[in-house]
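Architecture at a glance
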Amino acid sequence: ETGVTQSPTHLIKTRGQQVTLRCSSQSGHNTVSWYQQALGQGPQFIFQYYREEENGRGNFPPRFSGLQFPNYSSELNVNALELDDSALYLCASSPQIANEQFFGPGTRLTVL
Amino acid sequence: GIQVEQSPPDLILQEGANSTLRCNFSDSVNNLQWFHQNPWGQLINLFYIPSGTKQNGRLSATTVATERYSLLYISSSQTTDSGVYFCAVSMYSGGGADGLTFGKGTHLIIQP
């Protein structure tokens, strides 16, 4: 059984650019959540997708958006990148809402 | 929102020692997970334990939901146990998302 995968592993962008990060959920999982982890901090919840619909988000501005596809894979899009967006972005999938979440290896984004 | 406090923030032990990590949370939860984050950033699931006690090899965990705390026990520590340990919680009440709220982590160093 394949676990959660994310791509790319590393990414460097400049301020003002846009970025798309990708996540493939674990087989049989229909719920995907995205988290941002700044250096030295715990991960912070960005938003969650359930059956292709966003069903809740944390304290992140609208320039953070996403999609979930029919195969339950997901994208995180960030527009108008800021220096503070530099972080490790983690994707997690779960079999249903309110279940154990399983994390991918993350994408490390650097904004210059 | 729910607040999560982990203690101690840092812990340095000799190989073979035992340790107890604590997680306090401010409100009722129906999801509590313990993770170990390796040096590459991967969050490894240790326990899904909204209540009760579980054991897995040298690791065990106990959550007392009524008193709003959880404990992670590591016995006979090995150098490979080094890393950051996170506690994360959520409360799903039938609508919206169940994004996890993380503590700041306990940074554990096991010296040979």
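Let me begin by describing the structure that accompanies this report. (Residues numbered from 1 in each chain as written. Chains lettered and ligands numbered in written order. Predicted model: local features only at pLDDT ≥ 70, side-chain atom pairs only at ≥ 80, totals over all residues. Heavy atoms only, no water.)

1. Focus on the nonpolar core
Among the nonpolar cores identified, the biggest contains 21 residues, and Trp34, Leu72 and Val89 of chain B are the most heavily contacted of them. Every element with two or more residues in this core is listed here: β3 (19-25), β4 (31-37), β5 (43-48), β7 (59-64), β8 (69-74), β9 (83-90) and β11 (106-111) of chain B. By size, the runner-up hydrophobic cluster in this structure holds 20 residues, among which are Leu21, Cys23, Tyr49 and Val111 of chain A. (Core = buried A, V, L, I, M, F, W, Y, C linked by side-chain atoms within 4.5 Å. Buried < 20%, exposed > 50% of the residue type's maximum accessible area, 1.4 Å probe, protein only. Helix = DSSP H or I, 4+ residues; strand = E, 2+ residues; numbered from the N terminus.)

2. Some remarks on the sheet that holds strand β1 (residues 4-7) of chain B
Residue and element names in this part refer to chain B. In spatial order, the strands read β1-β3-β8-β7-β6; together these five strands make up an open sheet with antiparallel pairing. Looking at strand neighbours, the two that pair on one side only are β1 and β6 (52-56), the edges of this open sheet. Averaged over all adjacent pairs, the angle separating strand axes in this sheet is 15°, with direction ignored. Both β1 and β3 contribute to a ladder of four bridges, which runs antiparallel. Residue pairing in the sheet places Val4 in a bridge with Phe25 of β3. (Pairing = 2+ DSSP bridges. Axes fitted to C-alpha atoms, helices over the stretch in contact; angles between N-to-C directions.)

3. Brief notes about the interface of chain B and chain A
The interface of chain B with chain A comprises 19 residues on the first partner and 21 residues on the second. Where chain B abuts chain A, roughly 1700 Å² becomes buried across the two surfaces, and 52% of that area is made up of carbon and sulfur atoms. Across the contact surface, chain B and chain A share zero salt bridges. Among the secondary structure elements, those contributing two or more residues to the side of chain B that touches chain A are β4 and β5 of chain B. Here the element with the most residues in the side of chain B that touches chain A is β4 of chain B; it accounts for four residues. A per-class count over the side of chain B that touches chain A returns nine nonpolar, nine polar and one charged. (Contact = heavy atoms within 4.5 Å. Buried area = accessible area lost by both parts, 1.4 Å probe. Salt bridge = Lys/Arg side-chain N within 4 Å of Asp/Glu carboxyl O. Nonpolar A, V, L, I, M, F, W, Y, C, P; charged D, E, K, R; others polar.)

4. What to know about the packing of aromatic side chains
Summed over the entire model, instances satisfying the criterion amount to nine aromatic pairs over all chains. Seen from their ring centres, Tyr35 of chain A and Phe102 of chain B are 5.8 Å apart, and the 80° between their planes marks the pair as edge-to-face. Taken together, the residues Tyr35 of chain A in strand β4 (residues 31-37) and Phe102 of chain B in strand β10 (residues 101-102) connect one chain to another. Judged by its relative accessible area of 0%, Tyr35 of chain A is buried. Here Phe86 of chain B and Phe102 of chain B contribute two aromatic rings whose centre-to-centre distance is 6.0 Å and whose plane-to-plane angle is 80°, an arrangement assigned as edge-to-face. You can see Phe86 of chain B sitting in strand β9 and its partner Phe102 of chain B sitting in strand β10, a full 16 residues away along the chain. Phe86 of chain B sits in the buried class, given a relative accessible area of 2%. For the cation-ring pair, Arg22 of chain B lies above Tyr69 of chain B, with the distance from its terminal atom to the ring centre recorded as 4.3 Å. (Phe/Tyr/Trp six-rings, centres within 6.5 Å; stacked < 30°, edge-to-face > 60°. Lys NZ or Arg CZ within 6 Å of the ring centre and 35° of its normal.)

5. Topic: the layout of surface pockets
Taken as a whole, the largest pocket spans an internal volume of roughly 650 Å³. Along the walls of the largest pocket sit 28 residues, with Pro43 and Gln44 of chain A together with Ile2, Thr101 and Phe102 of chain B positioned nearest its centre. By residue number, the principal contributor to the lining of the largest pocket is β1 of chain B, which donates three residues. Here the residues of the lining of the largest pocket sort into 10 nonpolar, 15 polar and three charged. Counted as a void, the second largest pocket has a volume near 350 Å³. In this structure, the second largest pocket is lined by 23 residues; those nearest its centre are Gln37, Ala38, Leu39 and Gly40 of chain A together with Gln37 of chain B. Looking at the lining of the second largest pocket, the elements with two or more residues in it are β9 (87-94) and β11 (107-111) of chain A together with β9 and β11 of chain B. Here the lining of the second largest pocket gets three residues from one element, more than from any other, and that element is β11 of chain A. (1 Å grid on protein atoms, 1.4 Å probe; cavity = no way out; pocket = protein on both sides within 12 Å on 5 of 7 lines; lining within 4 Å. Points joined across faces, edges and corners; volume = space filled by probe spheres on them.)

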